[in-house]
Amino acid sequence: MLPVIPVFLIGAAAAPLMKKVIRGTVKSSVKLVLDAKRVAHEINEDLSDIAAEATAEVFAADLREGAEVPPQGAKKTRTTTAPA
């Protein structure tokens, strides 16, 4: 006759292995998210640099062509009123 192994003993024996598998999955997921955020931040910085360079080139081209630079006036003050 085959020995009968209660199901809870199988679960108890497999629990440490499952814990390691789940922990590894969670750690990998967190690392993947952090890497994706880092890459997105780097891409955003690169695009900002490109936009700044393009703006500077357009401004320089306008100055070479003799376009007038708008005068820098005093900053307008904002008046705020409380809603009635």
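Up top is the structure these notes are about.
What counts as what
- Residues numbered from 1 in each chain as written.
- Predicted model: local features only at pLDDT ≥ 70, side-chain atom pairs only at ≥ 80, totals over all residues.
- Heavy atoms only, no water.
- Helix = DSSP H or I, 4+ residues; strand = E, 2+ residues; numbered from the N terminus.
- Buried < 20%, exposed > 50% of the residue type's maximum accessible area, 1.4 Å probe, protein only.
- Areas by Shrake-Rupley, 256 points an atom, 1.4 Å probe, with all protein chains shown as cover.
- Salt bridge = Lys/Arg side-chain N within 4 Å of Asp/Glu carboxyl O.
- Patch = residues over 30% accessible without salt bridge, like charges linked within 9 Å, V, L, I, M, F, W, Y side chains within 5 Å.
- Expected span 1.5 Å × (residues − 1).
- Bend = angle between axes of the 7 residues up to and from the residue.

**Q** Help me understand the overall build of the protein in this model?
**A** Across its full length, the protein carries one helix and zero strands. The buried share among the 84 residues of the protein stands at 0%. Of the roughly 8,400 Å² that the protein leaves accessible, carbon and sulfur atoms contribute 66%.

**Q** Help me out: how do you make sense of the pattern of salt bridges in this one?
**A** Here the idea is simple: oppositely charged side chains can pair when their charged atoms come close. Counted under the stated rule, the structure contains two salt bridges. In this structure, Asp 35 engages Lys 31 in a salt bridge whose closest nitrogen and oxygen atoms are separated by 3.3 Å. One end of the pair is Asp 35 and the other is Lys 31, both in helix α1 (residues 7-64) and four residues apart, which spans about a single turn. Judged by relative accessible area, Lys 31 falls into the exposed class, the value being 52%.

**Q** Help me out: how do you make sense of a nonpolar patch on the surface in this one?
**A** Together, Met 18, Ile 22, Val 26, Val 30 and Leu 34 make up an exposed nonpolar region whose accessible area comes to about 460 Å². Tracing the chain through its elements places Ile 22 in helix α1.

**Q** Help me understand α1 in this model?
**A** What sets the pattern is the α-helix's 3.6 residues per turn: residues three or four places apart point alike. The terminal C-alpha atoms of α1, which comprises 58 residues, lie 84 Å apart, in line with the 86 Å expected from a rise of 1.5 Å per residue. At Ala 15, α1 shows its largest kink, close to 40 degrees, and the proline Pro 16 lies no more than four residues downstream. Gly 66 sits one or two positions beyond α1 and adopts a positive phi of about 90 degrees.

Shape is all these values report; function is a separate question.
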